[in-house]
Amino acid sequence: MKNYVDISDIDSIETWVQEAISLKKAPLEFQNLGQGKTLCMLFFNSSLRTRLSTQKAAMNLGMNVMVMNIGSEGWQLEFEDGAVMDAGKAEHIKEAAAVVSQYCDVIAIRAFANLVDKSDDAQEKVLNGFKKYATVPIVNMESATAHPLQALADTITITEHRKVQRPKVVLSWAPHPKALPHAVANSFAKMMQRMDVDLSITHPKGYELDADVVNNVPIIYDQEEALQNADFVYTKNWSSYTNYGQVLSKDKNWTITAQKMKLTNDGKFMHCLPVRRNMVVSDDVLDSDQSIVIEQANNRTYAAQLVLKKLIS
Amino acid sequence: MKNYVDISDIDSIETWVQEAISLKKAPLEFQNLGQGKTLCMLFFNSSLRTRLSTQKAAMNLGMNVMVMNIGSEGWQLEFEDGAVMDAGKAEHIKEAAAVVSQYCDVIAIRAFANLVDKSDDAQEKVLNGFKKYATVPIVNMESATAHPLQALADTITITEHRKVQRPKVVLSWAPHPKALPHAVANSFAKMMQRMDVDLSITHPKGYELDADVVNNVPIIYDQEEALQNADFVYTKNWSSYTNYGQVLSKDKNWTITAQKMKLTNDGKFMHCLPVRRNMVVSDDVLDSDQSIVIEQANNRTYAAQLVLKKLIS
Amino acid sequence: MKNYVDISDIDSIETWVQEAISLKKAPLEFQNLGQGKTLCMLFFNSSLRTRLSTQKAAMNLGMNVMVMNIGSEGWQLEFEDGAVMDAGKAEHIKEAAAVVSQYCDVIAIRAFANLVDKSDDAQEKVLNGFKKYATVPIVNMESATAHPLQALADTITITEHRKVQRPKVVLSWAPHPKALPHAVANSFAKMMQRMDVDLSITHPKGYELDADVVNNVPIIYDQEEALQNADFVYTKNWSSYTNYGQVLSKDKNWTITAQKMKLTNDGKFMHCLPVRRNMVVSDDVLDSDQSIVIEQANNRTYAAQLVLKKLIS
């Protein structure tokens with residue numbers, strides 16, 4: 001594996017999940033592996049879990065970590081080839097990526113979708129810019145269209161909690177006050193299609209995800225129907241993909257409630273966090289034993305640690 | 001000790017001070033204690049001394065440190081139970097505290113008073129939110145009403161510099177251009193009441209501290225009378241507690257000057273820093289041998305190191 | 001050496017360059033030297049290379065690192081003696097420098113020129129304030145008038161790439177959309193005067209550098225004439241020194257192009273980065289083998305590592 005930018009970089013999901021579960025049991029076992037090696041984390045956007053869990057993962061491996069908010073502590077980067085840099089952007093990705101590569105062994109990058117121009121976001125200029133011009137491995141800490149560290153943590157969590165070999169997994173849209181990217185939903189949906197699960201997706205009309213992500217996964221527009229007998233309810237808001245970046249609905253009839261969770265097979269509630277309480281999901285679900293969001297967040301450390309371990313081995 | 005959120009968490013001041021003084025003599029003696037352990041420092045407000053000294057203290061113990069400006073690098077947290085999170089706050093303290101706990105062994109938090117609503121500040125929503133929902137120990141790096149790391153450093157400093165068993169200690173208000181919180185004065189006053197010192201407090205009328213902090217400590221409204229024969233002059237501005245958060249006076253007759261220090265028993269000048277020169281205290285005091293503010297700041301490291309050592313032992 | 005604030009702190013350029021090249025070959029050889037020692041990096045301005053390379057250098061030596069954006073994470077400092085601090089500045093350099101010194105073994109500082117008042121910038125209040133009041137060594141990570149870590153990296157790079165004992169080195173001004181400081185040009189020009197090179201400087205009229213920097217170095221106002229047979233073309237924009245801080249020209253006839261590089265002796269293109277592509281230099285130069293800017297940036301690590309090694313030894 002050269003980089004970890006998308007879940008397609010995983011050769012065997014099952015093997016990875018088992019390795020991550022092993023790391024979780026003995027997080028400091030590979031402390032020597034990272035000695036003298038450095039992770040550089042570059043943030044173009046805010047972060048809490050990703051920032052702390054990835055840093056922790058690197059330290060568990062004995063790596064040094066350098067964290068930088070590249071926009072506020074550095075300056076704006078130019079990503080266009082041939083640009084005449086006579087305005088606000090101080091450095092081209094060509095130099096930035098090549099230079100930073102010389103100061104570390106792995107570069108991790110967070111750069112969200114702008115949700116303004118679909119094709120612009122699809123180009124993943126930041127992530128792909130680093131991938132193209134860096135000379136060390138790149139880790140995606142959530143890009144415009146993918147969040148593969150989250151999806152890896154999700155699949156670890158589902159593996160730990162499944163009670164049947166082939167659980168029913170429902171990805172449900174839920175309302176949110178702001179327009180959110182598709183990265184988490186994309187990576188989760190793609191990941192589940194590589195696992196032995198019965199996946200369906202439920203959302204209001206107009207919230208269809210990218211067809212290349214959905215493939216043949218059933219879309220059910222009736223949330224209650226979708227939730228029937230679910231073993232895992234993975235909830236997430238995203239903005240419209242068709243009417244790109246628009247909020248078409250804040251309908252709280254889509255909020256996941258304890259009442260709705262009764263339709264499931266004593267299903268587990270999952271969310272990548274941060275989550276808007278009583279918008280996306282009601283308190284009575286989040287505060288119940290059915291919620292495994294905290295454990296899910298814990299697995300972010302071991303997902304990141306596995307990825308870093310593979311990249312520096 | 002489960003957390004260090006207030007000086008009431010200290011079981012024996014004398015023992016702690018002696019332990020801190022021992023750490024100061026051999027700061028790296030317990031380098032192995034923190035191996036593989038992580039301190040996460042969360043800042044809701046600015047910091048210089050606290051940020052650096054607490055970080056240094058953790059590194060002296062061999063701990064890893066993760067520092068985060070949670071407002072600017074993360075997002076706003078919701079602290080109200082049952083809130084419908086449909087506005088600016090992205091994550092509830094319930095999730096934030098539980099999740100961050102999984103990435104570290106100790107969480108240290110700085111969250112100042114807002115000085116708008118007395119009862120709101122008294123609730124210490126941020127500190128108590130983390131205390132309630134975190135699963136690892138919490139350290140208070142200055143909350144709305146308390147600054148127990150500062151008070152511990154103060155008592156170490158007084159112990160080191162006292163020339164008599166029971167020194168006379170005066171806590172004096174001084175003028176300042178901005179409205180400041182009561183945290184430092186509160187914790188200092190409470191700490192001194194647990195030490196064998198002769199404590200009095202001096203300030204203009206209207207600047208009375210919380211009665212639960214002052215207890216039976218004499219309040220002397222004539223600063224010069226109060227300073228007579230003082231061994232330690234601990235100076236600090238605070239805004240009015242009665243007229244909550246208001247600046248009632250910027251009267252520079254309350255500035256501590258060399259002339260006033262002559263009233264003392266060759267007293268030592270103390271301040272938690274940062275200090276406004278020639279407002280709170282004149283240059284001729286700060287630049288004299290009577291000032292021990294720099295040594296006082298140095299003891300912040302050993303106060304924090306002692307607290308962290310106890311919490312991870 | 002007590003501090004590294006200017007290239008005049010270097011006793012022997014040749015020895016230093018050879019030591020840096022040795023460190024580059026075995027960066028982790030002195031991992032034990034920094035054990036239990038701490039570098040505190042204070043940023044008053046943005047940084048990418050300097051932030052990461054200096055941090056990396058310290059970690060290569062086994063040092064702990066504390067990084068702080070002092071303006072945004074701390075508060076504004078006062079540098080004037082005798083100031084009545086009744087406005088926006090919360091702490092005097094006297095306290096800040098003395099206190100921070102107690103938390104670390106070396107303080108590194110970045111504080112750019114304001115480009116408003118020449119004599120104010122020349123006083124180097126931030127750097128000199130720390131130098132005066134700190135009790136540990138100070139490293140200049142670019143001050144108002146000097147960038148000695150860059151100049152050290154530059155001379156390492158030239159030593160590595162020179163094909164003749166006494167190469168021809170041209171420092172060329174180039175256009176830029178914003179007013180930039182003189183620090184890099186100053187330190188480079190001074191450094192080259194201490195090396196065995198044939199140095200000349202080329203820029204439009206009105207862009208003369210400080211006469212104390214230029215000394216007897218030939219100034220050639222015709223860029224093409226200057227570039228003839230150059231072995232190294234060191235390009236940098238700076239604002240006018242005479243009309244202090246003003247942008248007198250954005251004339252793209254001064255942009256370094258592949259066509260102009262043909263005038264050189266197969267010369268190497270150097271720049272401290274970040275560089276504005278197609279303003280300062282055209283893509284065809286930066287993307288050619290003649291450009292050594294990435295290697296030059298790599299040497300920032302070893303320049304910083306050498307300086308830190310000397311300061312903590």
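Above this text you will find the structure in question.
Residues numbered from 1 in each chain as written. Chains lettered and ligands numbered in written order. Predicted model: local features only at pLDDT ≥ 70, side-chain atom pairs only at ≥ 80, totals over all residues. Heavy atoms only, no water.

How should I be thinking about the interface of chain A and chain C in this particular structure?
It is common to give the size of an interface as the accessible area lost on bringing the parts into contact. Contacts between the two partners involve 32 residues from chain A, matched on the other side by 31 residues from chain C. Between chain A and chain C the total buried area reaches about 2700 Å² when both faces are included, carbon and sulfur atoms providing 58% of it. The tally of links from chain A across to chain C stands at four salt bridges. For A:Glu91, the salt bridge goes to C:Arg49, with nearest N and O atoms at 2.8 Å. Where chain A meets chain C, there are 15 residue pairs in polar contact (both at pLDDT 80 or more). Listing elements by their share of the side of chain A that touches chain C, those giving two or more residues are strand 1 (38–43), strand 2 (64–69), helix 3 (70–73), strand 4 (91–92) and helix 4 (93–101) of chain A. Top element by residues in the side of chain A that touches chain C is helix 4 of chain A. It accounts for six residues. Looking at the side of chain A that touches chain C residue by residue, the classes come out as 17 nonpolar, nine polar and six charged. (Contact = heavy atoms within 4.5 Å. Buried area = accessible area lost by both parts, 1.4 Å probe. Salt bridge = Lys/Arg side-chain N within 4 Å of Asp/Glu carboxyl O. Polar contact = N/O pair within 3.5 Å; in protein donor to acceptor, adjacent residues only side chain to side chain. Helix = DSSP H or I, 4+ residues; strand = E, 2+ residues; numbered from the N terminus. Nonpolar A, V, L, I, M, F, W, Y, C, P; charged D, E, K, R; others polar.)

Explain the interface of chain A and chain B here, please?
Each partner contributes to the interface: chain A provides 31 residues, whereas chain B provides 32 residues. Looking only at chain A, the three residues that lose the most surface to chain B are A:Leu48, A:Leu52 and A:Arg277, adding up to 24% of its buried area. Applying the counting criterion to the chain A and chain B interface returns 14 residue pairs in polar contact (both at pLDDT 80 or more). Those elements giving two or more residues to the side of chain A that touches chain B turn out to be helix 2 (49–60), helix 12 (283–286) and helix 13 (293–312) of chain A.

What am I meant to see in the relation of the copies chain A and chain C here?
Both copies of the chain are related by a screw-like operation: a rotation about an axis and a shift along it. Once turned by 120 degrees and shifted 0.0 Å along the axis, chain A lies on chain C with an RMSD of 0.0 Å. The superposition of one copy onto the other is thereby described by a three-fold rotation axis. Little of the interface of chain A is mirrored in chain C, where only 3% of its interface residues are also at the interface. (Least-squares fit on C-alpha atoms with pLDDT ≥ 70 in both.)

Looking at this model, I keep getting lost on the relation of the copies chain A and chain B. Mind explaining?
Rotating chain A by 120 degrees and moving it 0.0 Å along the rotation axis overlays it on chain B with an RMSD of 0.0 Å. Comparing interface residues between copies, only 3% of those in chain A also sit at the interface in chain B, which points to a heterologous contact through distinct surfaces.

Can you help me understand the sheet that holds strand 7 (residues 168–173) of chain C in this one?
Strands pair in a sheet through their backbones, by hydrogen bonds, and they do so in one of two ways: parallel or antiparallel. Pairing in this open sheet of five strands is parallel, and the strands run 9-8-7-10-11 (chain C) from one edge to the other. Taken across any chain shown, the strands that pair with only one partner, and hence form the sheet edges, are strand 9 (219–220) and strand 11 (268–270) of chain C. (Pairing = 2+ DSSP bridges.)

Got a minute to help me understand helix 6 (residues 125–133) of chain A in this structure?
The α-helix advances 3.6 residues per turn, and as a result positions three or four apart in sequence lie on the same side. Residue and element names in this part refer to chain A. Val126, Leu127, Gly129 and Phe130 are the residues of helix 6 that are buried. The arc enclosing the buried residues of helix 6, seen along the axis, measures out at 165 degrees, which places them on a common side. In the core, the buried residues of helix 6 are packed alongside strand 1, strand 3 (77–78), helix 4, strand 5 (106–110) and strand 6 (138–140). (Buried < 20%, exposed > 50% of the residue type's maximum accessible area, 1.4 Å probe, protein only. Arc of directions from axis to C-beta.)

Which parts of the structure should I look at to understand the pairing of strand 8 (residues 198–202) of chain A?
All names here are of chain A. Most of strand 8 is tucked away, with four of its five residues classed as buried. Bridge analysis of strand 7 (residues 168–173) against strand 8 gives five bridges, and the strand direction is parallel. Directly across from Leu171, in strand 8, lies its bridge partner Ile201. In the classification by handedness, the crossover that spans strand 7, the intervening helix 8 (residues 183–193) and the parallel strand 8 is right-handed. (Right-handed = clockwise from strand over helix to strand, strands pointing away.)

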